[in-house]
Amino acid sequence: MIIELKTIEDADQVMKAVNDKKLEHVFQHKNRVGFVDQKALGDVPFEINNVKEVITDHPAALQASRLFHPENTIIKTQHSVIGDGSFALIAGPDSIESEEHVQLMGKDVKESGATLLRGGSFKPRTNPYSFQGLGEQGLKWHREAADKLGMDMVTEIMDTRDLEMVDKYTDIFQIGTRNMQNFALLKAVGQTDKPVVLKRGMSATIDDLLNASEYIAAGGNHQIILMERGIRTFDNKYTRNTFDVSAIPVLKDLTHYPVIGDPSHAAGVTKFVEPIGLAAAAAGADGLMVEIHNHPKEAFVDGKQALTPAQFDHLAKVATKIHNLVKEAD
Ligand code: PEP
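Procedures and definitions
Residues numbered from 1 in each chain as written. Predicted model: local features only at pLDDT ≥ 70, side-chain atom pairs only at ≥ 80, totals over all residues. Heavy atoms only, no water. Near = heavy atom within 4 Å. Polar contact = N/O pair within 3.5 Å; in protein donor to acceptor, adjacent residues only side chain to side chain. Areas by Shrake-Rupley, 256 points an atom, 1.4 Å probe, with all protein chains shown as cover. Nonpolar A, V, L, I, M, F, W, Y, C, P; charged D, E, K, R; others polar. Core = buried A, V, L, I, M, F, W, Y, C linked by side-chain atoms within 4.5 Å. Buried < 20%, exposed > 50% of the residue type's maximum accessible area, 1.4 Å probe, protein only. Helix = DSSP H or I, 4+ residues; strand = E, 2+ residues; numbered from the N terminus. Contact = heavy atoms within 4.5 Å. Domains from an automatic or database assignment.

Looking at this structure, how should I read the site of the ligand?
The immediate surroundings of the ligand are formed by 13 residues, with Arg118, Gln174, Thr177, Lys199 and Arg229 found nearest. In the model, an oxygen atom of the ligand is placed 2.8 Å from a nitrogen or oxygen of the threonine 177 main chain. Computed on the free molecule, the ligand has an accessible area of 290 Å², of which 97% lies beneath the protein chains in the complex. Looking at the shell around the ligand residue by residue, the class counts come to two nonpolar, four polar and seven charged.

Have a look at this one:
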């Protein structure tokens, strides 16, 4: 249940009453108050408040919902703004390979307009004997490259035990597809004050994704960026996953969080990364996350889906044009 009060002061008054009664899972956004447990409503003295509207159709992921929080959430980091109508570009190698390599890749993607430098130092690999990432050494090199280039760092965290370490270096936490429902990890990043890129689980529904985001929001961290990266379907013979392009407008409709497309993990092969990325831009994504490598065949991880810096440059330019066209036509 969401109630809209006439003024913020009225909502504050309801929250005070709620806090006095120690009711749980009641949230305020401006002059809206959302109750997860509808029965709790009976315990609140409404007669003292100015109720403007009662919005009964409340979704499970209350804080993610536009009913609760109608205006777009805009995420601001030192060098980037995501969700303000501009087109954000997160790019870099799949994994941090060396000090020189992350600097070189960062320089290239920055020249193409990326303001966020991605790269994994903790890699979620299907096979335990595959390269697992450089750990803290990789984080250090990644941080240094981002600082040197004036970019923001985005890196994956896989384990709550690494929180303090990753937090020391990164600007934005990335939760990967395999950990979308790692609730302990979601709660842990929910306690931080840094933005979180939450990737859709490869077999997760849109509601699963929204409920996962709610674990972060429930901890008090509302700086959430949702990411569509492809899902498993009956036909993943020609692409690694199926990019659910429809998830983009649906998420933009249901939630106020920015939505970014990751065409690299959806495609799995270089030649389909650009068309999928362009489709994401046309569908209304707030940006893209793309993997690049100067020598894809030598990449430590996922070279088959890497774009060269020149290919990324092309994608970045065309996708941004499409994004601007869609915005203009609105
Ligand atoms: C990644 O972005 O590095 C990654 C491993 O992606 P995903 O979790 O979508 O597989």
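Quick question: what am I supposed to make of the nonpolar core here?
Across soluble globular proteins, nonpolar side chains show a tendency to be buried alongside one another. Leu198 and Phe312 are the most contacted members of the largest nonpolar core, which totals 62 residues. Residue contributions to this core peak at six residues, all from helix α6 (residues 206-218). Those residues in contact with leucine 198, other than ones at most four positions away along the chain, are Ile175, Met180, Leu186, Leu209, Ala212, Ser213, Ile216, Ile225, Leu226 and Met227. In this structure, Leu23, Val26, Phe35 and Ala40 belong to the second largest nonpolar core, which totals 15 residues.

Please clarify how the domain arrangement of the protein should be interpreted in this entry.
How large an interface is tends to be reported as the accessible area lost when its parts come together. Domain boundaries assigned for the protein yield domain 1 (2-57) and domain 2 (75-329). On a C-alpha basis, the centres of domain 1 and domain 2 stand 36 Å from each other.

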